[in-house]
Amino acid sequence: VNSNNGNDNNTGTSADSPWKSLSKVNSFTFKPGDSILFSKNSIWKGVLLIKQNGASGNPIVYSNYGSGKLPVIDGNNSEHYCIFVNQSTLVIVDGFEVINSGKIDGINIEVKSCEHCIIKNCTVIVNMRAGIIPENCNYCTFLNNHISTLNAFIPDQADGIYAQRNSHNVYDGNNIINYNKSEEMHADCIQLYLESDAVVKNNYLEQNNNKLGNAQGLYCTMPYGTHIYFNNIIYCPNTNAQLLGFLNLNKGTGNLRAFNNTLVGGKMNVFRTDDPNPVIRNNIFVTTGNYSMFRIDSPLDESADINYNLYF
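Source: prediction; values computed, not measured.

Definitions and limits used
- One numbering rule holds for all chains: residues counted from 1, following each sequence as written.
- Two thresholds apply to this predicted model, a pLDDT of at least 70 for residue-level local features and 80 or more for giving and counting side-chain atom pairs, whereas whole-chain, interface and lining totals are computed over all residues.
- Computation of side-chain values: all heavy atoms of the structure, hydrogens and water removed.
- Strands here are runs of E lasting at least two residues and helices are runs of H or I lasting at least four, both read from the DSSP assignment and numbered beginning at the N terminus.
- Each residue is assigned to one of three classes by its accessible area relative to the maximum for its type, calculated with a 1.4 Å probe on protein chains only: buried under 20%, partly exposed between the two thresholds, exposed over 50%.
- The Shrake-Rupley method, run with a 1.4 Å probe sphere, supplies the accessible areas, and residue values consider only the shown protein chains as cover.
- Any cysteine sulfur atom paired with another within 2.5 Å is treated as part of a disulfide.
- Definition of nonpolar core: a set of buried residues of the types Ala, Val, Leu, Ile, Met, Phe, Trp, Tyr and Cys, connected through side-chain atoms within 4.5 Å.
- The contact criterion used is simple: two residues touch if any of their non-hydrogen atoms lie within 4.5 Å.
- One bridge is not enough; two strands pair if DSSP finds at least two bridges between them.
- Every axis corresponds to a line fitted to the C-alpha atoms, with the helix fit spanning only the stretch in contact, and the corresponding angles, defined between N-to-C directions, vary from 0 to 180 degrees.
- The definition of a polar contact used here is a pair of N or O atoms within 3.5 Å, where within protein one atom must be able to donate a hydrogen and the other to accept one, and adjacent residues in sequence count solely through side-chain atom pairs.
- Salt bridges are defined as contacts in which a side-chain nitrogen from Lys or Arg sits within 4 Å of a carboxyl oxygen from Asp or Glu.
- Detection works on a 1 Å grid of protein atoms alone, calling trapped sets that fit a 1.4 Å probe cavities and calling open sets with protein on both sides within 12 Å along at least five of seven lines pockets, with lining residues defined by an atom within 4 Å of a point.
- Grid points are joined across faces, edges and corners, and a volume is the space filled by probe spheres set on the points.
- Only Asp, Glu, Lys and Arg are considered charged in this grouping, and only Ala, Val, Leu, Ile, Met, Phe, Trp, Tyr, Cys and Pro are considered nonpolar; every other residue, Gly among them, is considered polar.
- Working convention for charge: Lys and Arg count positive, Asp and Glu count negative, and His plus the chain ends are omitted.
- Under the pairing criterion, centres of Phe, Tyr and Trp rings, with the six-membered ring standing for Trp, must be within 6.5 Å; the plane angle then separates stacked pairs below 30 degrees from edge-to-face pairs above 60, leaving the rest tilted.
- In this scheme, Lys NZ or Arg CZ marks a charge over a ring once it lies within 6 Å of the ring centre and within 35 degrees of the ring normal.

**Brief notes about the overall build of the protein**
- Scanning the protein for helices and strands turns up one helix and 32 strands.
- Overall, the C-alpha framework of the protein stretches about 65 × 40 × 30 Å when taken along its three principal axes.
- Here the protein holds 312 residues, and the buried ones make up 54% of them.
- In the form shown here, the protein has an accessible surface area of approximately 12,900 Å², with 48% of it arising from carbon and sulfur atoms.

**Topic: the state of the cysteines**
- All chains considered together, the criterion is met by zero disulfides.
- Of the cysteine sulfurs around Cys122, a residue in no disulfide, the closest is that of Cys82, at 11 Å.
- There is no disulfide at Cys236, and the cysteine sulfur nearest it, in Cys189, is 5.5 Å away.

**Let's talk about the nonpolar core**
- Core analysis: the biggest nonpolar cluster contains 60 residues, and Phe38, Tyr62, Ile83 and Leu192 have the highest contact counts within it.
- Of the residues forming this core, the biggest block, three residues, is contributed by strand E6 (residues 81-86).
- Leave out the neighbours within four places in its chain, and Leu192 touches Ala163, Tyr171, Ala198, Val200, Leu218, Tyr219, Cys220, Thr221, His227 and Tyr229.
- Phe84, Ile107, Ile133 and Tyr162 belong to the second largest nonpolar core, which has seven residues in total.

**Notes on the sheet that holds strand E27 (residues 271-273)**
- Strand order in the open sheet formed by ten strands is E3-E6-E9-E12-E15-E18-E21-E24-E27-E30, and the pairing between neighbours is parallel. Edge positions in the sheet fall to strand E3 (48-50) and strand E30 (294-296), since each of these pairs with one other strand and no more. Between one strand axis and the next, the sheet turns by 10 degrees as a mean value, whatever way the strands run.

**Examining the pairing of strand E29 (residues 284-287)**
- Inspection of the sheet shows strand E26 (residues 262-265) paired to E29 by four bridges, in the parallel sense. By the bridge assignment, Leu263 is partnered in E29 with Phe285.
- In terms of strand pairing, E29 meets strand E32 (residues 310-311) through two bridges, oriented parallel. Within the sheet, the bridge partner assigned to Phe285 lies in E32 and is Tyr311.

**Details of the side chain of Asn174**
- Turning to its location among the elements, Asn174 is positioned in the loop between strand E16 (170-172) and strand E17 (175-178).
- In terms of polar contacts, Asn174 uses its side chain to reach the backbone amide nitrogen of Asn144, at 3.5 Å.

**Examining the pattern of salt bridges**
- Throughout the structure, instances matching the rule amount to six salt bridges.
- For the salt bridge of Lys201 with Asp172, the shortest nitrogen-to-oxygen distance reads 4.0 Å. Taken together, the residues Lys201 in strand E19 (residues 199-201) and Asp172 in strand E16 connect sequence positions 29 residues apart.
- By relative accessible area, which is 15% here, Asp172 ends up buried.
- Arg295 is the salt-bridge partner of Asp297, the closest N and O atoms lying 2.8 Å from each other.
- You can call Arg295 partly exposed: its relative accessible area is 28%.
- By sharing partners, the salt bridges in this structure join Asp105, Arg129 and Asp159 into a single network.

**Concerning the layout of surface pockets**
- Of the voids in this model, the largest pocket is the one considered here, and its volume is about 280 Å³.
- Along the wall of the largest pocket there are 15 residues; nearest its centre are Gly12, Thr13, Ser35, Ile36 and Leu37.
- With three residues, strand E1 (residues 35-39) is the single largest residue contributor to the lining of the largest pocket.
- Across the lining of the largest pocket, the residue classes tally to nine nonpolar, five polar and one charged.

**Quick notes on the pairing of strand E7 (residues 91-94)**
- Of the two faces of E7, the one lined by Val91 and Val93 and the one lined by Ile92 and Asp94 are each fully buried.
- Looking at chain direction, strand E4 (residues 60-65) and E7 are connected through three bridges and run parallel. Counted as the bridge partner of Tyr62 is Val93 from E7.
- Where E7 lies against strand E10 (residues 118-120), three bridges are found, and the strand directions are parallel. When the bridges of E10 are listed, Ile92 appears paired with Ile118.

**Focus: the side chain of Asp274**
- With respect to the secondary-structure elements, Asp274 resides in the loop between E27 and strand E28 (279-281).
- No salt bridge is formed by the buried Asp274; the nearest opposite charge belongs to Arg272, separated by 7.2 Å.

**Structural notes on the packing of aromatic side chains**
- Taken as a whole and judged by the stated rule, the model has 14 aromatic pairs.
- Note on Trp19 and Phe30: the rings are 6.4 Å apart at their centroids and 40 degrees apart in plane angle, and the pair reads as tilted. Taken together, the residues Trp19 in the segment before helix H1 (22-26) and Phe30 in the loop between H1 and E1 connect sequence positions eleven residues apart.
- Take Trp19: its relative accessible area is 9%, and that puts it in the buried class.
- An angle of 85 degrees between the planes, with centres 6.2 Å apart, marks the rings of Phe30 and Tyr62 as edge-to-face. Linking Phe30 in the loop between H1 and E1 with Tyr62 in strand E4, this pair joins segments that are 32 residues apart in sequence. One exposure class covers both Phe30 and Tyr62, and it is buried.
- When the ring centre of Trp19 is taken as origin, the NZ or CZ atom of Lys24, which lies over that ring, is 5.3 Å away.

Here's what the structure looks like:
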């Protein structure tokens, strides 16, 4: 698919005979093992709609070809989402730049009611609600994406990844920097809500702003199952909120396992949980503030294991 010299009347099966439009791609039913390749140095305005099913060993892959800049999916500041993966299984989205979602509650990439899908190697610039939102998904992976917000007062929540009601998802190797300056709106790097059995690993999460509140690094509320967080770097030097929060809030039943994370903050709690039996080991907690570095909101059970951490 090539927005510069493609034609929807072409075969679409070679770089010499590419399709042109998103509407052509959106209207076609692909088969397991198909690859839909978008030309680098091309821009499409509108929405890439994906509702396809791959098969085990034969996913459907949306990726790129050629040399130069990543292909751009531009919501033109008018679409609710730029890429929408809906009710799909075994689909891979690999290597797009995704910009300019809708004016209110806009989402760059929404993944809804999917299983075993992968979103990876995408560059996402958040101008509204969130960069990536997975909802009601199972066993999906979000890998090596570069997500940043505009350096502006964004009149929306502006999270890097906002995940809700998912099970067994993996968030791995993402680089998320939040520049949002709005004090009123939440602007977390990763927020998990009603999430079950999540793995969050190898991410770099930064609040590069002067927001005092509503600016967590990794914030999980009302979780279920076992959550494993390891090898993450979270840097939020100015926030009054916790850098890593894991809170059942008397409704969730989640258990936290946190290993080898580095958390650097400046004002409030670096770490906070109400899990009665967490395993928190081999982490580094750093703060320049005068508040509690590590806050525990419920009595600990005998099985709690909080050991071998470094506090500075």
